[in-house]
Amino acid sequence: PSTLVSEDLIDSGLPEPATSIRRQLRGDLDNVALKAAARTPRYRYASAEALAADLERYLCNEPVSAHPPSLAYVARKFVQRNAAATAVGAVAVIGIGVSLAAALIQAGHAREQAARAESTRDFLVSVFRSAEPAGARERPATVVEVTEAAVVQARSATRMDAQVRDELLIELGSVLRGQGEFERAAATLGDALAGAS
């Protein structure tokens, strides 16, 4: 029926332009009119009440029985009837998705930080264990000796995260500088800077 509305009918007293009326008739009203006027009785409405019920459903923006059944059609009608609730639901789902993504990113950063902390702890434990006397010693190990042993271990620690190794070398270089070992400190800091670049 929507295709029968033409510009020629403008003079016939239509309340709106033909394009507007075609747009209003297209879809559900076309299907209702076609079902009501079907030539084969089994395709028509069984009664005037069935036709009235379909028109009532159309006016309430509910799915009409004259429309071919489809999940997309039913979903579209639901969204049209519940536009505000659907918009709020969509915003909530998007918000949950963004929050979940942020939480996953934060969890990844936390795992990285935990791995770095564990690597640093393992390194420091191994440094202090190597400073323990294996037998009788004349004197305890000095800060410089322990620090130099740590520098050697840090340089050879291939499984350690490169950024963690560079940070450790910087700290160890600072300790050596504080102990007055300027040449060794410069060499250690140079290694750290070379690794960082």
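Up top is the structure these notes are about.
Residues numbered from 1 in each chain as written. Predicted model: local features only at pLDDT ≥ 70, side-chain atom pairs only at ≥ 80, totals over all residues. Heavy atoms only, no water.

Caption draft 1: Spotlight on the packing of helix α6 (residues 143-156) against helix α7 (residues 162-178). Contact pair α6 / α7: the axes reach a minimum separation of 10 Å and the direction vectors enclose 160°. The angle between the axes of α6 and α7 places the two elements in the roughly antiparallel class. Pair α6 / α7 crosses with left-handed handedness. Counting all contacts with α6, which are made through V143, V144, T147, E148, A150, V151, A154 and R155, the residues of α7 involved are R165, L169, L172, V175 and L176. In the contact of α6 with α7, the residues fall into nine nonpolar, one polar and three charged. (Axes fitted to C-alpha atoms, helices over the stretch in contact; angles between N-to-C directions. Helix = DSSP H or I, 4+ residues; strand = E, 2+ residues; numbered from the N terminus. Parallel < 35°, antiparallel > 145°, perpendicular 65-115°, else oblique. Left-handed = near helix turned anticlockwise from the far one by under 90°. Contact = heavy atoms within 4.5 Å. Nonpolar A, V, L, I, M, F, W, Y, C, P; charged D, E, K, R; others polar.)

Caption draft 2: Broad picture of the pattern of salt bridges. On inspection of all chains with the given rule, the structure shows seven salt bridges. Ionic pairing is found between R57 and D54, a salt bridge with its closest N-O pair at 2.8 Å. Within this pair, R57 and its partner D54 are both found in helix α3 (residues 48-59), separated by three residues, close to a single helical turn. With relative accessibility at 0%, the residue D54 sits in the buried group. By sharing partners, the salt bridges in this structure join E148, E181 and R184 into a single network. (Salt bridge = Lys/Arg side-chain N within 4 Å of Asp/Glu carboxyl O. Buried < 20%, exposed > 50% of the residue type's maximum accessible area, 1.4 Å probe, protein only.)

Caption draft 3: Representation of α7 in the model. Taking 1.5 Å of rise per residue, the 17 residues of α7 would be expected to cover 24 Å, and the 24 Å separating its terminal C-alpha atoms lies within 8% of that figure. All buried positions along α7 are accounted for by V164, R165, D166, L168, L169, L172, G173 and L176. Two residues or fewer after α7 comes G180, characterised by a positive phi angle close to 85°. (Expected span 1.5 Å × (residues − 1).)

Caption draft 4: Up close: the packing of aromatic side chains. Taken as a whole and assessed by the stated rule, the structure comprises zero aromatic pairs. Sitting above the plane of the Y45 ring, K35 keeps its charged end 4.8 Å from the centroid. (Phe/Tyr/Trp six-rings, centres within 6.5 Å; stacked < 30°, edge-to-face > 60°. Lys NZ or Arg CZ within 6 Å of the ring centre and 35° of its normal.)

Caption draft 5: Representation of the nonpolar core in the model. Core analysis: the biggest nonpolar cluster contains 16 residues, and F123 and M160 have the highest contact counts within it. Those elements that place two or more of their residues in this core are α5 (83-131), α6, α7 and α8 (182-196). Leave out the neighbours within four places in its chain, and M160 touches S119, F123, R165 and L168. Counting residues in each nonpolar core, the second largest holds five residues, with V32, Y45, V64 and Y73 among its members. (Core = buried A, V, L, I, M, F, W, Y, C linked by side-chain atoms within 4.5 Å.)

Caption draft 6: How the structure looks around the environment of A157. Take A157: it is sitting in the loop between α6 and α7. Along the backbone, A157 and F123 are 34 residues apart, and their C-alpha atoms lie at a distance of 8.8 Å.

Caption draft 7: Summary view of the side chain of K77. Looking at the secondary structure, you find K77 in helix α4 (residues 71-81). Filtering out sequence-adjacent residues up to four positions away, K77 remains in contact with D28, N61, E62 and P63.

Caption draft 8: How the structure looks around the packing of helix α2 (residues 28-36) against α3. Interaxial distance between α2 and α3 falls to 11 Å at its minimum, and their mutual angle equals 175°. Compared by their axis directions, α2 and α3 come out roughly antiparallel. Facing D28, L29, V32 and A36 of α2, the residues of α3 in contact are L51, D54, L55 and Y58. Taken together, the residues of the contact of α2 with α3 sort by class into six nonpolar, no polar and two charged.

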